[in-house]
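Each chain, letter by letter, is given below.
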Amino acid sequence: MFQKITLLALVLAVVSCQKKESVEKDKIKIADWLIGNWENTSPDGVLTENWQKLNDSTFNASSYFVKGKDTIHFETIVLAQKGETLTYFATVKGQNEDKAVAFPSTSESDKQLVFENGKHDYPQKITYTKGANNTLTAEISGNLNGKPSSEKFVLTKK
């Protein structure tokens, strides 16, 4: 009898661990539409974001803005799923001692991802919205120098 109870407990532990792992891996799947190369060309320059899937729980991206031959802005992004939390980590060259700033998700759907960090100077909110015709809108917003501010960038998949 004791062996049967021990075996049942072991099976339950294995099944519950597998369930948790699948929840962890499944949650990031909602962001699969980010994967690829995205670009926005404007008179000010070219904004590019390149998203890749590293593994079942992590995506990474590089984002850069080039004007002429100069790279005006460069950042690396890691989108990581840990437990049931999806977090956007942004590392901007020359800011925050080149350390990542975490933006936990506050909303996820198959068409929009919202990440927020109210303690960050700017932005406090990052939103990605899937659009029609292979587009996405990236928006950063929050308070900048005590005033509400936002910037939107519509990118097209290349």
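Residues numbered from 1 in each chain as written. Predicted model: local features only at pLDDT ≥ 70, side-chain atom pairs only at ≥ 80, totals over all residues. Heavy atoms only, no water.

**Some thoughts on the layout of surface pockets**
Over the atoms, a rolled probe matching the size of one water molecule traces out where space is still vacant.
Part 1 of the reasoning: Counted as a void, the largest pocket has a volume near 690 Å³.
Part 2 of the reasoning: Across the lining of the largest pocket, the residue classes tally to 16 nonpolar, eight polar and six charged. (1 Å grid on protein atoms, 1.4 Å probe; cavity = no way out; pocket = protein on both sides within 12 Å on 5 of 7 lines; lining within 4 Å. Points joined across faces, edges and corners; volume = space filled by probe spheres on them. Nonpolar A, V, L, I, M, F, W, Y, C, P; charged D, E, K, R; others polar.)

**Notes on the side chain of N117**
Part 1 of the reasoning: As for its position among the elements, N117 is in the loop between β7 (112-116) and β8 (125-130).
Part 2 of the reasoning: Within the structure, the side chain of N117 is placed 2.9 Å from the backbone nitrogen of K119, a separation counted as a polar contact.
Part 3 of the reasoning: Ignoring anything within four residues of it in the chain, the contact list for N117 reads V101, A102, F103, P123 and Q124. (Helix = DSSP H or I, 4+ residues; strand = E, 2+ residues; numbered from the N terminus. Polar contact = N/O pair within 3.5 Å; in protein donor to acceptor, adjacent residues only side chain to side chain. Contact = heavy atoms within 4.5 Å.)

**Brief notes about the nonpolar core**
Part 1 of the reasoning: If you look at the biggest cluster of nonpolar residues, it comprises 24 residues, and the most contacted ones within it are L34, W51, L79, Y88, F115, Y128 and L136.
Part 2 of the reasoning: Among the elements of the structure, β2 (45-55), β3 (58-67), β4 (70-82), β5 (85-92), β6 (101-108), β7, β8 and β9 (135-144) are those that each provide at least two residues to this core.
Part 3 of the reasoning: With residues near it in sequence (within four places) discarded, Y88 still touches W51, E75, I77, V78, L79, V101, A102, F103, F115, I126 and Y128. (Core = buried A, V, L, I, M, F, W, Y, C linked by side-chain atoms within 4.5 Å. Buried < 20%, exposed > 50% of the residue type's maximum accessible area, 1.4 Å probe, protein only.)

**Things to note about the pattern of salt bridges**
Part 1 of the reasoning: Counting across every chain of the model gives two salt bridges.
Part 2 of the reasoning: Its salt-bridge partner being E108, residue K27 comes within 3.7 Å of it at the nearest N-O pair. One end of the pair, K27, is in helix α1 (residues 2-28); the other, E108, is in strand β6, with 81 residues separating them in the sequence.
Part 3 of the reasoning: Between E97 and K99 there is a salt bridge, with its nearest N and O atoms 3.3 Å apart.
Part 4 of the reasoning: Judged by relative accessible area, which is 69%, E97 ranks as exposed. (Salt bridge = Lys/Arg side-chain N within 4 Å of Asp/Glu carboxyl O.)

**Quick word on the sheet that holds strand β1 (residues 36-42)**
Part 1 of the reasoning: Strand order around the closed barrel formed by ten strands is β1-β2-β3-β4-β5-β6-β7-β8-β9-β10, with antiparallel pairing between neighbours. Each strand axis lies, on average, 25° off the axis of its neighbour in the sheet, ignoring direction.
Part 2 of the reasoning: Both β2 and β3 contribute to a ladder of nine bridges, which runs antiparallel. Within β3, the position partnered with W51 by the bridge is A61. (Pairing = 2+ DSSP bridges. Axes fitted to C-alpha atoms, helices over the stretch in contact; angles between N-to-C directions.)

**Things to note about the pairing of β1**
Part 1 of the reasoning: The pairing of β1 with β2 spans seven bridges and is classified as antiparallel. Bridge pairing in β2 links T41 to V46.
Part 2 of the reasoning: Hairpin connection, β1 to β2: the antiparallel pair is bridged by two residues.
Part 3 of the reasoning: Of the pairings in the sheet, the one linking β1 to strand β10 (residues 147-157) comprises two bridges and is antiparallel in character. Its bridge partner lying in β10, W38 is registered against K157.

**What about the environment of D26?**
Part 1 of the reasoning: Within the secondary structure, D26 sits in helix α1.
Part 2 of the reasoning: Between the alpha carbons of D26 and S57 there is a distance of 8.3 Å; along the sequence they are 31 residues apart.

**Re unusual backbone geometry**
Part 1 of the reasoning: A cis geometry characterises the amide bond from Y122 onward to P123, with omega recorded as -5°.
Part 2 of the reasoning: When you line up the elements, P123 lands in the loop between β7 and β8.
Part 3 of the reasoning: Phi is positive for E97, close to 55°, though the residue is something other than glycine.
Part 4 of the reasoning: Mapping E97 onto the fold places it in the loop between β5 and β6.

**Notes on the environment of E139**
Part 1 of the reasoning: Looking at the secondary structure, you find E139 in strand β9.
Part 2 of the reasoning: Taking C-alpha positions, E139 is 8.1 Å from K125, a pair spaced 14 residues apart along the chain.
Part 3 of the reasoning: In contact with E139, other than residues within four places in its own chain, are K125, I126, T127, S150, E151 and K152.

The values are spatial; any link to function lies outside them.
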